[in-house]
Amino acid sequence: MIIHLKSSIGLNEAQEIAHRLQAILIEKEEIVLVSPSKLQELPSDLFAKVSSFTAVPNDIQLASRLYKKETREIKFSNFSIGGESNSTLMITGPCSVETEEQIETAAKFCVEQGVKVLRAGCYKPRTSPYSFQGLGKEGLLLLDKMRTKYGLQIITEVRDASHVEEVIEYADIVQIGAKAMYDQGILRRCGKANKPILLKRGFGSTLQEFVQAAEFILSGGNDQVILCERGIRTFETGTRFTLDLCGVAFLKEKTNLPIILDPSHAMGYAYGVADLTRACVAMGVEGVLIESHPRPKEAWSDAAQQLNFEEFAALQASLKALANAVGRVMV
Ligand code: PEP
Ligand code: MN
């Protein structure tokens with residue numbers, strides 16, 4: 001149950017109530033308590049102390065449309081997603097920051113294409129310890145340079161809790177990767193950050209587990225959470241993962257969080273990415289995240305799935321009309 005306390009209730013009393021209800025206390029403009037969802041009826045002595053309350057059927061709580069009907073708005077310097085905006089955000093860039101020349105070419109390409117958010121990883125959660133692990137801090141500094149030089153917003157990922165502070169400092173949007181979705185240290189720290197967090201779905205996690213991971217961030221006090229479906233593991237091996245668009249319909253229906261889809265990691269091969277992206281945009285979501293690279297064949301990670309600039313430009317040109325057809329605007 002989510003309980004908004006009246007402003008006349010002080011912190012000490014709120015803490016006592018939280019303790020009694022085994023609730024998490026979130027202190028913002030108002031004090032909000034979130035108790036386990038099994039609490040379905042507000043104890044009668046609390047009626048006079050509460051300004052509103054919402055009982056939800058399971059632990060999709062702060063993320064639930066039963067609590068907040070509208071999709072949450074996330075504001076950036078010159079655009080926003082969610083809320084009333086109807087915008088579908090394009091995010092692109094290489095899988096990893098490799099060299100200054102490579103990331104600068106990618107940044108210039110974003111500007112040329114009207115893309116406002118550049119993606120690239122510096123701490124890569126690779127499946128093998130012998131693969132390129134990312135440039136670390138050096139990569140973050142290069143991204144910082146691109147932000148200043150080209151006026152782009154930066155999204156980059158956190159792999160583990162050892163560098164979460166650095167990534168929060170340098171990123172405009174912090175990406176929590178699929179393999180880190182269950183990392184409580186990262187989730188809890190991001191709950192205290194004042195930055196939007198893009199949380200990717202673990203490829204073996206259910207939708208309930210995915211949204212509950214988002215609840216860790218929300219209940220920490222950070223309400224800027226974006227969900228990212230990036231493909232789940234099924235019996236199919238012909239493609240890298242399986243993009244769960246049914247799951248996207250579920251998330252749209254049940255949650256109030258903006259949704260950004262990542263068809264690149266789902267497909268794993270460049271040939272399918274453009275068609276999948278169009279399917280994603282047609283779902284009426286808040287954004288798409290596409291890997292692109294100046295020379296995909298030479299990429300230091302995820303070489304097979306990154307679009308070259310010609311392929312990306314053709315895709316980008318096809319999206320405006322598609323977004324308009326579902327009542328949205330590409331930004
Ligand atoms: C990435 O975005 O490059 C990445 C590693 O994604 P994921 O965590 O979805 O595998
Ligand atoms: Mn990648």
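This structure is a prediction, so every number in the text was calculated from the model and none was measured. (Residues numbered from 1 in each chain as written. Chains lettered and ligands numbered in written order. Predicted model: local features only at pLDDT ≥ 70, side-chain atom pairs only at ≥ 80, totals over all residues. Heavy atoms only, no water.)

(A) Up close: the sheet that holds strand β4 (residues 50–54). On the basis of which strands lie adjacent, the open sheet formed by 4 strands has the order β2-β3-β1-β4 and antiparallel pairing. The open sheet terminates on both sides in strands that have one partner only, identified here as β2 (24–27) and β4. Here the strands of the sheet are splayed against their neighbours by 20° on average, with no regard to which way each runs. Two elements, strand β1 (residues 2–5) and strand β3 (residues 31–34), share 3 bridges in a ladder whose sense is antiparallel. Bridging across to β3, isoleucine 3 finds its partner in leucine 33. (Pairing = 2+ DSSP bridges. Helix = DSSP H or I, 4+ residues; strand = E, 2+ residues; numbered from the N terminus. Axes fitted to C-alpha atoms, helices over the stretch in contact; angles between N-to-C directions.)

(B) The packing of helix α9 (residues 270–282) against helix α10 (residues 309–325), seen in detail. Remark: α9 packs on α10, axes separated minimally by 9 Å, with the N-to-C direction vectors making an angle of 15°. When the axes of α9 and α10 are compared, the pair comes out roughly parallel. Regarding α9 and α10, the two cross each other, and that crossing is right-handed. Contact residues: Ala270, Ala274, Thr277, Arg278 and Val281 in α9; Glu311, Leu315, Ser318, Leu319, Leu322 and Ala323 in α10. Across the contact of α9 with α10, the residue classes tally to 7 nonpolar, 2 polar and 2 charged. (Parallel < 35°, antiparallel > 145°, perpendicular 65-115°, else oblique. Left-handed = near helix turned anticlockwise from the far one by under 90°. Contact = heavy atoms within 4.5 Å. Nonpolar A, V, L, I, M, F, W, Y, C, P; charged D, E, K, R; others polar.)

(C) Region of the structure containing the pattern of salt bridges. Summed over all chains, the structure comprises 19 salt bridges. A salt bridge links glutamate 100 to lysine 145, with the nearest nitrogen and oxygen atoms 2.7 Å apart. Residue glutamate 100 is located in helix α2 (residues 100–113), and its partner lysine 145 is located in helix α3 (residues 137–150); the two are separated by 45 residues in the primary sequence. What makes glutamate 100 partly exposed here is its relative accessible area of 32%. Relative accessible area serves as the criterion here: at 39%, lysine 145 is assigned to the partly exposed category. Glutamate 298 is paired through a salt bridge with arginine 295; the nearest N and O atoms lie 3.2 Å apart. Judged by its relative accessible area of 30%, arginine 295 falls in the partly exposed class. (Salt bridge = Lys/Arg side-chain N within 4 Å of Asp/Glu carboxyl O. Buried < 20%, exposed > 50% of the residue type's maximum accessible area, 1.4 Å probe, protein only.)

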